[in-house]
Each structure stands twice: as structure tokens, then as C-alpha cells.
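# An overview of the molecular structure
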Amino acid sequence: MAVMAEVSATTGAALRGPASPAPAPMKESDAEKLRFIEEMTSDVDAVQEHVLSEILARNADTEYLLTKCGLGGAADRATFRAKVPMATYEDLQPYIRRIADGDRSPILSGHPVSEFLTSSGTSAGERKLMPTIEDELNRRTLLYSLQMPVMNLYVPGMDKGKALHFLFVKSETQTPGGLAARPVLTSYYKSSHFKNRPFDAYNNYTSPTAAILCADAFQSMYAQMVCGLCQRHDVLRVGAVFASGLLRAIRFLQLNWDQLAADIEAGALTPRVTDPSVREAVAEILRPDADLAAVIRAECSSGEWAGIITRIWPNTKYLDVIVTGAMAQYIPTLKHYSGGLPMACTMYASSECYFGLNLRPMCDPSEVSYTLMPNMCYFEFLPMDTGSSSGDASQLVDLARVELGREYELVITTYAGLNRYRVGDVLQVTGFHNKAPQFRFVRRKNVLLSIESDKTDEAELQRAVERASALLRAHGATVVEYTSQAYTKSIPGHYVIYWELLASGAKSTGAAVDRETLDRCCLEMEEALNSVYRQSRVADGSIGPLEIRVVRPGTFEELMDYAISRGASINQYKVPRCVTFPPIIELLDSRVVSSNFSPALPHWTPAQRNDD
């Protein structure tokens, strides 16, 4: 035990760094997890070489490695580099489609594909299907288990209360071959790892598992909110997976606080929650409490929502949300509702694979860097500053050989059979923990608009504009120019598309097109967007109706003049298809002549094939 204490202290200091708080007494289980992190990051190249060898040995007889790549059973780096090309989803889609259709031969993985994880990225407008295998869940669970021991170095005592985390499952489908296709978090929440998890004082949720697993978004949110309110003094952290999800929860409270207070006062759940398992689980927590109901009414009825999180849950120490990448746009709103609580981004993961941890989770959101854990998969990196964004695999560098300050596209080889797969994430090396590089998430390649898990690229937006603008022909009008923004000042956020119209004849202001037609254009654009966007609109309610703002003629010429005044070349200027710079948004908004919203929900059904 003395040796363990010595190792624990050393490990804790290494993880915290020189400017970190003094160590608190450490549990043996925490020390073991922290020591594991230190071991994994001390010789990343050796760990990576072992991981690649293991992956190639397990998948040696697969059609992809044996027949397409001609690997011949080799499991060494040199042969792998020489014979295995970089791949995009489109390259692998024929193989994935065969697995989805029921082919059980070893195509990509030597182990049976257990299900497909649906990526929020899209291919031809639909979700990508990522094959996964049974033991991949063990690796994901391991990474989850490392988060709180790290957090406890910075915010001790998190095992003395509960977490109010708004966690949800999303709809799933079956492939023609009978395999489930569902988002990675839905897969985890529905797994025995989560449902039958042993008690963990660090991850003691206010939400009953039945409420998390309820597929009805309203009933799940209502049950989780009422349980979180009933246990308000136990809550030490508040969160959701994404910042947008936590803001949806606050908006839900704004809309439903009166009914929630009434339920708490009566000790009885509203009939609007009909799921028997949810009602039974909530009944174990909900008791008549007139004092609590009075507090909720007092805090929520005033119309003042600044700091509402700490007013309702006064012991909250931080927000547990992802606020990197596209989620950074929500930081000011979260600060408003939380009274400036710290925001912890703890993990970097995707549908393809879980990658790593933030070892300084209480840092400012602008300083978040993730340490990639070398046991999760085999990592390679395509330099972004060489002018080569092509499929030239000779440009790839290993995890141990990335350079400080440079930007790379992430390329992974997984146990489930993705080989040299281009994830599409652009990362920048910010430092090192032991020998392990730390990366800042820079952006998703080619993503133009994103509110939550949706990702819309420039080509898709162009197609949507073209499809919607066809409705203008009957009015003799056309779209001269357009741009867009992800508008997140309202909850939920929504897409705003700026159109400059040219009408035939004397009328050239866009007024020749009636409001009903422009509203229909909004819906037509939504119908043209991908299934992830449409699911968010229809099933999840996490995106609001698309808005088209018609601007007066000459606006985009003014936009160009403004850009040139700031140093842009008139010969190289292109209209940006998405705008984020506040002065440009202010210019556009000052020229708006009409604002139009989608009048209905777009078509979406969970039975839709994900691999179409």
C-alpha cells in the first residue's frame, strides 16, 4: 500500500501539472486508472506498434486485407504502409453494404460484426454505417472509466453527490441482413455494460435508467428533469453530451416548469408521461414536496433566467458538456444560464472509434486539448500544410512522429476493420503528455453548417438551394446569391439562409415572390437536406425550422466591398457560403426585407434505410 500511495502521488502530480491544485487522498481504484494512463502515454510508439500488429493478425484473413491489399498475413508496419491505401467511406461503402445485406464472411473484420454505428457524418445525404465488433464496447467502456479519476484530481469530492446528465437514446433501424444500426451512444446506453453497470459513486445519475432508455424524447426529458429537480441538492455536475443538448434541457424547463412544479407539489407524475417503466422508476423518487415546488415557481416565474442552473442546482461545480468544434458557438449562452460555471470537455470520440481524453478537464474551452490513448486504435496523420489532401498514403506520419503546432487530418485503423480510414477531423498538435501528443480539435473537413449532430457541407447546401429555388420560377424570380449561418441565439438553433433575389420586370426586390411561396422554399430546402438533419427536426426537436432571409438587391456586392476593404483580393474574392463574423452578419441582417420559416416538418421515418 505504501508503494501504491507513492505511485499514486507521482501519477497524480504528472497528470495535474505544475499549476494544478494540491492532491487529495486517492482511492486505490483511481490510482490504478491514473497509472494506466501514465503507462499508455510513456511509450506510445511501442503501444501503437503492438496495436497495429494485433489488428492485422486478427483481420489477416479478411477479404479487404488479404485480397484487395495483398497483405498475405503480414502484421508488420512496413508491409502495412506499403500495401494498404488510405480510404474514405465511399471507398469502403461496397464492403459495408455487403455486410449490411447479410454477408457474414470475413470482409473487413475477422470477428463478426455485431452491429453498425450510425455516424452523424453523411454519404449521399444519409448516415454512414460504421461496422463494430463486440469487444469494441470494452475499449469504449475502459475510456469512460478513466474520465472521473482524472476529474477528481481537479474537482475532488465528486463521489459525494450525483450527476444530472440529460442522456437520450435515438431511433434505430435494422439493416437488410438483420443487424442493428444506431448511434454509438444509443448502442452504449442499451448495452449490458450500461444497463447492468455496478454502482459507481462518480457516475451516480439522478436520471433512472428507464428514463434514459425511453425512446419518446418528451417523456424522457420530462422524467429526467423532474428527477433532477427532486434531487437538486445532490447534484454536483450538470451536463449533456453536447452543449446544444443541455440548452435544450434549459429550454424544456422554461416551457414546462409550471407542470413540473405541480407534479412535485402533488407527488404524482403528469399523465403525459405514459411509459409504464418510466412512471414506475420516477415513482421511486417523486414525493410530495410543496417547499420544492415553491422554489421552482419562484425561480422560474420571474422571467430572469441568468444563472438558472446554479439557482436551481446550487451545489453544481461544473458543466459536463462538449463545447469544442461546432459546439463552441454555444459557450456564451451556457455562461449566461450557468452564471459562468466552468465547462469540462472530458473525451474525444466518434462513431468510428473512441480516441482519447482531456487530461486538464477544467481548462478554458478555448484551451481544450485531447491526449489520444494509443491502445484504442492505430493512429496516423495526414499533414494539412503540404498541399496534399489527396489519397497519398506516403504523406502519413505515426502518432509518435507528429510535430508541435502542425495541423493534421486524423486517419485510423480499427479492430473492427476500418483500415487507414480518413475520419475527416482536422487536429492541431498543442503539446505532449509524457510521449503522447495532445491535440486541439480544429474543425470537421468540409462541414459548413452544424447545430447539433447534423453536418451539412457546401455541396449539399447548394443542392438544397437549387431544389428550393425551382419554386421561384413561376414568379419569374431567381436566387442571385446566397450565404448562411447556424443561428444559435434561439433554442433550439436553426439554419438561416440569406437569399438575394432577382425578379423579372420592374420589380427587383424580391417582393414579387409571396410569403407562402418563400415559406414553401424553406420546407423544400429541409426536404433536400440529409437524414441526420431531418431526424433532428422531426424526432429529436434539436433543430428549429429553417429560415430564409431575403435581402435587398445589391447586398452581396456590399458584402464584397466590405471584404475588399479588409484586404481581400478582388480577383480572388468568393461569396462565403457560411458566415460567422459578427460585422458581416450585422450587414446582412440590416438589409433583410422579409424573413420566412419552414411551415411544416420535413419527411423523415426511422424505417428509412441508412445505407441508401
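Residues numbered from 1 in each chain as written. Predicted model: local features only at pLDDT ≥ 70, side-chain atom pairs only at ≥ 80, totals over all residues. Heavy atoms only, no water.

With that settled, consider the nonpolar core. By size, the foremost hydrophobic cluster in this structure holds 166 residues, and its most contacted members are Phe 381, Leu 410, Trp 499 and Met 525. Take this core: its biggest share by element is 11 residues, from helix α12 (residues 243-266). The next biggest cluster of nonpolar side chains, apart from the first, holds 11 residues, and it includes Val 496, Val 579, Ile 584 and Leu 587. (Core = buried A, V, L, I, M, F, W, Y, C linked by side-chain atoms within 4.5 Å. Buried < 20%, exposed > 50% of the residue type's maximum accessible area, 1.4 Å probe, protein only. Helix = DSSP H or I, 4+ residues; strand = E, 2+ residues; numbered from the N terminus.)

Between its first and last C-alpha atoms helix α2 (residues 28-42) spans 21 Å; for 15 residues at 1.5 Å apiece the expected length is 21 Å, and the two agree. Among all positions in α2, only Asp 30, Ala 31, Leu 34, Ile 37, Glu 38, Met 40 and Thr 41 are buried. (Expected span 1.5 Å × (residues − 1).)

Take unusual backbone geometry next. Geometrically, the link from Ile 491 to Pro 492 is a cis peptide bond, its omega value of -5 degrees lying close to zero. Tracing the sequence through the fold places Pro 492 in the loop between β19 (477-487) and β20 (494-503). Residues other than glycine seldom take positive phi values, yet Arg 420 does so here, at roughly 50 degrees. Given the relative accessible area of 1%, Arg 420 is considered buried. Although it is not a glycine, Asn 434 sits at a positive phi angle of roughly 55 degrees. The topology assignment puts Asn 434 in the loop between β15 (421-433) and β16 (436-444). Looking at Asn 434, the relative accessible area reads 39%, which means it is partly exposed.

On to the packing of aromatic side chains. Scanning the model with the defined rule gives 17 aromatic pairs in all. Taken together, a centroid distance of 5.9 Å and an interplanar angle of 85 degrees make the contact between Phe 80 and Tyr 378 edge-to-face. Of this pair, Phe 80 sits in helix α5 (residues 77-83) while Tyr 378 sits in strand β12 (residues 378-383), and the two are 298 residues apart along the sequence. Tyr 378 matches Phe 80 in its accessibility class, with the two residues each being buried. A network of ring pairs unites the aromatic residues Tyr 144, Tyr 188, Tyr 189, Phe 194 and Tyr 354 as a single cluster. (Phe/Tyr/Trp six-rings, centres within 6.5 Å; stacked < 30°, edge-to-face > 60°.)

Across the sheet, which stays open at both edges, the four strands sit in the order β3-β6-β7-β8 with parallel pairing between neighbours. One side of each edge strand has no neighbouring strand; the edge strands of this open sheet are β3 (162-166) and β8 (343-344). Note that strand β7 (residues 318-322) and β8 share two bridges and pair parallel. Residue Leu 319 lies in a different strand from β8, and its bridge partner there is Met 343. Contacts from α12 reach β3, β6 (235-242) and β7 within the one sheet, and its direction differs from that of β6 by about 120 degrees. (Pairing = 2+ DSSP bridges. Contact = heavy atoms within 4.5 Å. Axes fitted to C-alpha atoms, helices over the stretch in contact; angles between N-to-C directions.)

So, about the sheet that holds β20. The four strands lie next to each other as β19-β20-β21-β22, forming an open sheet whose pairing is mixed. A strand with exactly one partner marks an edge of an open sheet, and here the two such strands are β19 and β22 (592-597). Going from strand to strand, the sheet's axes swing by 25 degrees on average, the running direction of each strand aside. Pairing geometry for β20 and strand β21 (residues 547-551), over five bridges, is parallel. By the bridge assignment for β21, Ile 497 is matched with Ile 548. Of the strands in this sheet, β20, β21 and β22 are in contact with helix α18 (residues 515-528), which crosses β22 at around 55 degrees.

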